[in-house]
Amino acid sequence: MWQEKTDKKNRLDIKNMTMVGVFVVLIAVGAFIKFPIWFIPFSLQFIFTNLAGLILGKKYGVLAVIIYAIVGLLGVPIFTAGGGIGYVFQPSFGYIIGMAVGAFVVGHYTENMRDLKSMIIGSLLNMIVIYAIGLPYLVLIINVYLSKAVALKTLVVSGFLITLPGDIVKCYISAIFTKKIDKHIR
């Protein structure tokens, strides 16, 4: 009996860690599918970090995003504009921090509610968290660290309003996708 439980736990851990690795790669690939818009490169990272939280849950979803961030900070050029420890001074790095927290939020919100409405709401909460962390970081880096006198209105437009409609669509797409494959993965 004990051996059966241990074997099942090991299989779950191997499956989960494999899925974490897959999502690290997907997030990295999503970073290279990008469209530059003013100060913020618009990429598909959000869809994959959101899917990580939706599919892997709070524990493994956030782990995938954290591993992605660590690999990028170690110098592997997997962020939208490169990699390395100096990337923490890029205006968009706050969004990566937000993606880790957001993956946890969406995973936590949807762990016991697997209906489409809950997944959409969880995804929207994820998006709010990302903006709540990313936008102030953007303002701080541009105006303080880079010493550029950029109006707050300009930064809010470029770091929030321009990307918001696309991110709302990505919330719906990732929720629908998760709902369709949920029964096969869980």
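Bear in mind that the values here come from a model prediction, so they are computed numbers and not experimental data.

### Regarding the overall build of the protein
Next, step 1: Secondary structure summary: the protein contains six helices and two strands in total.
Next, step 2: Element order for the protein, N to C, with α for helix and β for strand: α-β-β-α-α-α-α-α.
Next, step 3: When each of the 186 residues of the protein is scored for burial, the buried share is 45%.
Next, step 4: Contacts spanning at least 24 positions in sequence make up 71% of the contacts within the protein whose residues lie at least 6 apart.
Next, step 5: Here the protein has roughly 9600 Å² of accessible surface; of this, 73% comes from carbon and sulfur atoms.

### A look at the packing of helix H3 (residues 93–110) against helix H4 (residues 116–145)
Next, step 1: H4 packs onto H3 with a crossing angle of 155 degrees between their chain directions and a minimal axis gap of 7 Å. The orientation of H3 relative to H4 falls into the category roughly antiparallel. Crossing of H3 over H4 shows right-handed handedness.
Next, step 2: Of the residues in the contact of H3 with H4, the class split is 19 nonpolar, nine polar and no charged.

### Concerning a nonpolar patch on the surface
Next, step 1: A cluster of nonpolar residues, Val25, Val29, Ile33 and Phe35, forms a patch on the protein surface that exposes about 340 Å² of accessible area.
Next, step 2: Tracing the chain through its elements places valine 29 in helix H1 (residues 2–32).

### Some details on the packing of aromatic side chains
Next, step 1: This model, assessed by the stated rule, comprises eight aromatic pairs.
Next, step 2: Both rings, one in phenylalanine 79 and one in phenylalanine 93, keep their centres 6.2 Å apart while their planes meet at 70 degrees; by these two values the pair is edge-to-face. Of this pair, phenylalanine 79 sits in the loop between helix H2 (45–73) and H3 while phenylalanine 93 sits in helix H3; the two residues are 14 residues apart in sequence, bridging distant segments of the chain.
Next, step 3: According to the relative accessible area criterion, phenylalanine 93 is buried, its value standing at 6%.
Next, step 4: Ring centres of tyrosine 131 and phenylalanine 160 lie 4.9 Å apart, and the angle between their planes is 90 degrees; on these two criteria the pair is classed as edge-to-face. Residue tyrosine 131 is found in helix H4, and its partner phenylalanine 160 is found in helix H5 (residues 152–161); the two are separated by 29 residues along the sequence.
Next, step 5: With relative accessibility at 24%, the residue phenylalanine 160 sits in the partly exposed group.

### Things to note about the environment of threonine 163
Next, step 1: With respect to the secondary-structure elements, threonine 163 resides in the loop between H5 and helix H6 (164–185).
Next, step 2: Residue class for threonine 163 comes out buried when judged on its relative accessible area of 4%.
Next, step 3: As a C-alpha pair, threonine 163 and serine 43 span 120 residues in sequence and 9.7 Å in three-dimensional space.
Next, step 4: Side-chain polar atoms of threonine 163 contact the side chain of tyrosine 131, separated by 2.7 Å.

### Overview of the side chain of serine 123
Next, step 1: Within the fold, serine 123 resides in helix H4.
Next, step 2: We classify serine 123 as buried; its relative accessible area is 0%.
Next, step 3: When residues no more than four places from it in sequence are discounted, the contact partners of serine 123 are Phe46, Asn50, Leu54, Val106, Cys171, Ser174 and Ala175.

### Structural notes on the confidence of the model for the protein
Next, step 1: Here the protein averages 91 in pLDDT, and 89% of its residues register 70 or above.
Next, step 2: Of all helices and strands in the protein, the one with the weakest mean pLDDT is strand E2 (residues 40–43) (68), whereas H3 scores best (98).

### Regarding the packing of H4 against H6
Next, step 1: With their axes 9 Å apart at the nearest point, H4 and H6 run at an angle of 140 degrees to one another. With respect to H6, the element H4 is oriented oblique. Between H4 and H6 the crossing geometry is right-handed. Touching Leu116, Met119, Ile120, Ser123, Leu124, Met127 and Tyr131 of H4 are Leu164, Asp167, Ile168, Cys171, Tyr172, Ser174, Ala175, Ile176, Thr178, Lys179 and Asp182, all from H6.

### Observations concerning the environment of isoleucine 55
Next, step 1: Summarising the element assignment, isoleucine 55 is placed in helix H2.
Next, step 2: Separated by 48 residues in sequence, isoleucine 55 and alanine 103 have C-alpha atoms that sit 10.0 Å apart.

Conventions we followed
- Residues numbered from 1 in each chain as written.
- Predicted model: local features only at pLDDT ≥ 70, side-chain atom pairs only at ≥ 80, totals over all residues.
- Heavy atoms only, no water.
- Helix = DSSP H or I, 4+ residues; strand = E, 2+ residues; numbered from the N terminus.
- Buried < 20%, exposed > 50% of the residue type's maximum accessible area, 1.4 Å probe, protein only.
- Contact = heavy atoms within 4.5 Å.
- Areas by Shrake-Rupley, 256 points an atom, 1.4 Å probe, with all protein chains shown as cover.
- Axes fitted to C-alpha atoms, helices over the stretch in contact; angles between N-to-C directions.
- Parallel < 35°, antiparallel > 145°, perpendicular 65-115°, else oblique.
- Left-handed = near helix turned anticlockwise from the far one by under 90°.
- Nonpolar A, V, L, I, M, F, W, Y, C, P; charged D, E, K, R; others polar.
- Patch = residues over 30% accessible without salt bridge, like charges linked within 9 Å, V, L, I, M, F, W, Y side chains within 5 Å.
- Salt bridge = Lys/Arg side-chain N within 4 Å of Asp/Glu carboxyl O.
- Phe/Tyr/Trp six-rings, centres within 6.5 Å; stacked < 30°, edge-to-face > 60°.
- Polar contact = N/O pair within 3.5 Å; in protein donor to acceptor, adjacent residues only side chain to side chain.
- pLDDT = per-residue confidence, 0-100.

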